[in-house]
Amino acid sequence: MSENTTTSETPTTEAGVATDTPTTDTATTDQATTDPATTPAATPAPVSTSLPLLEDVEEAMRDVVDPELGINVVDLGLVYGIEITDDAVAKIDMTLTSAACPLTDVIEDQSRGALVSSGLCTDMEINWVWLPPWGPDKITDDGREQLRALGFTV
C-alpha cells in the first residue's frame, strides 16, 4: 500500500509565497503501518535461566513453620542441607524433631509453596534424614530467642 498524501502542485506559505516543500495531509495515514494483522509480532522477552541462590532458598524456607512449635524449620535446625540442580530443582536434606512426626505432609506442602509456587524453583524434593538425629543443639540463636518468647527454656 502507498501512503495517502495530498501534494499541491505549487505549495505556498501562509503569506502566499511559493515553496519547494510538498504538503502532507496528516489526517489520513497508511493503515498498513497500524494494522495488527500486518504488524510483525513483538519479540518475547527472554526467559530467565538463572538458578536461585542457596541463600534465597534458605530464606524462603524460613516461611516454612513447624506446625507444633510455630518456629520456622531453618531456625529450628531441621534443614541439614540444600542443593540446587541445573534445572533449578531444590533438593533439601531435612529432619524432624521426631521420626514419628505425623506432619511431614504439612511441611512438604509449605515447602512447595515457599519454593515452587513462589516461582523461586522449578520443583523441590525433600530427603528426610534421621542421622544425625535432631537435638536442641541444632537450633539457631534466632530460633532460641523465638522459643524463649513462647515460654520454652532453651
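Each remark here, short or long, concerns the structure printed above.
S.K.: Quick rundown of the overall build of the chain? Include the residues and the values.
M.R.: Scanning the chain for helices and strands turns up three helices and three strands. Secondary structure elements of the chain, listed N to C terminal, follow the sequence α-β-β-α-β-α. Going through the 154 residues of the chain one by one, you find that 26% of them count as buried. A separation of at least 24 residues holds for 55% of the contacts in the chain among residues at least 6 apart in sequence. When the accessible area of the chain is evaluated, it comes to approximately 10300 Å², of which 52% is carbon and sulfur surface.

S.K.: Lay out the pattern of salt bridges in plain terms, naming residues and giving numbers.
M.R.: Summed over the entire model, instances satisfying the criterion amount to six salt bridges. Between E125 and K91 there is a salt bridge, and its shortest N-O distance comes to 3.8 Å. Here E125 is found in strand β3 (residues 123-128), whereas its partner K91 is found in strand β2 (residues 89-94), with 34 residues between them in sequence. The exposure class of E125 is partly exposed, given its relative accessible area of 40%. Across the salt bridge formed by D123 and R112, the nearest N and O atoms sit 2.8 Å from each other. Linking D123 in strand β3 with R112 in helix α2 (residues 104-117), this pair joins segments that are eleven residues apart in sequence. A residue is classified by how much of its surface remains accessible, and D123, at 31% relative accessible area, is partly exposed.

S.K.: With reference to specific residues and values, describe helix α1 (residues 54-61).
M.R.: Every buried residue belonging to α1 is among V57, A60 and M61, and all of these are buried. For α1, the arc enclosing every buried residue in end-on projection is 100°, short of the 170-degree limit, so these residues lie on one face. Close packing links the buried residues of α1 with β1 (79-84), β2 and α2.

S.K.: Break down the side chain of R144 for me, with residues and values.
M.R.: For R144, the location among the structural elements is in helix α3 (residues 141-149). Salt bridges are absent for the buried R144, whose nearest opposite-charge side chain, D141, sits at 4.6 Å.

S.K.: Outline the nonpolar core, listing residues and values.
M.R.: One finds M61, A90, M94 and L115 to be the most contacted residues of the largest nonpolar core, which totals 24 residues. Looking at this core, the elements with two or more residues in it are α1, β2, α2 and β3. The residues contacting L115, other than those within four sequence positions of it, are V57, A60, M61, A90, I92, L120, C121 and M124.

S.K.: Can you lay out the sheet that holds β2 for me, pointing to particular residues and giving the numbers?
M.R.: In spatial order, the strands read β1-β2-β3; together these three strands make up an open sheet with mixed pairing. Looking at which strands have only one partner, the edges of the open sheet turn out to be β1 and β3. Within this sheet the neighbouring strands show an average axis-to-axis angle of 20°, counted without direction. Relative to β3, β2 is paired through six bridges, and the arrangement is parallel. When the bridges of β3 are listed, V89 appears paired with D123. Lying over the sheet, α2 contacts β2 and β3, oriented at roughly 145° with respect to β3.

S.K.: Let's hear about unusual backbone geometry: which residues, and what values?
M.R.: With an omega of -5°, the peptide bond between L131 and P132 qualifies as cis. Looking at the secondary structure, you find P132 in the loop between β3 and α3. Although it is not a glycine, A88 adopts a positive phi angle of roughly 65°. For A88, the position within the fold is in the loop between β1 and β2. Residue classification places A88 among the buried positions, given a relative accessible area of 9%.

Conventions used here
Along each chain, the written sequence defines residue order, and numbers are assigned to residues from 1. Given that this is a predicted model, residues contribute local features only at a pLDDT of at least 70 and side-chain atom pairs are listed and counted only at 80 or more, while totals for whole chains, interfaces and linings are drawn from all residues. For side-chain calculations, the full set of non-hydrogen atoms in the structure is used, while hydrogens and water are omitted. To qualify as a helix, a DSSP run of H or I must reach at least 4 residues; to qualify as a strand, a run of E must reach at least 2; elements of each kind are numbered from the N terminus. Summary of the burial criterion: residues with accessible area below 20% of their type's maximum are buried, those above 50% are exposed, and those between are partly exposed, where the area comes from a 1.4 Å probe applied to protein chains only. When checking whether two residues touch, look at their non-hydrogen atoms; a contact exists if any pair is within 4.5 Å. All accessibility values rest on the Shrake-Rupley procedure with a 1.4 Å probe; residue burial counts only the protein chains present in the view. The working definition used for a salt bridge is a side-chain nitrogen of Lys or Arg within 4 Å of a carboxyl oxygen of Asp or Glu. The directions from the helix axis to the C-beta atoms form the arc being described. His is not counted, nor are the chain ends, whereas Lys and Arg count as positive and Asp and Glu as negative. Grouping buried Ala, Val, Leu, Ile, Met, Phe, Trp, Tyr and Cys residues that are joined through side-chain atoms within 4.5 Å yields what is termed a nonpolar core. Strand pairing is defined by DSSP finding a minimum of two bridges between the two strands. To get an axis, fit a line to the C-alpha atoms, keeping to the stretch in contact for a helix; angles then go from 0 to 180 degrees between the N-to-C directions.

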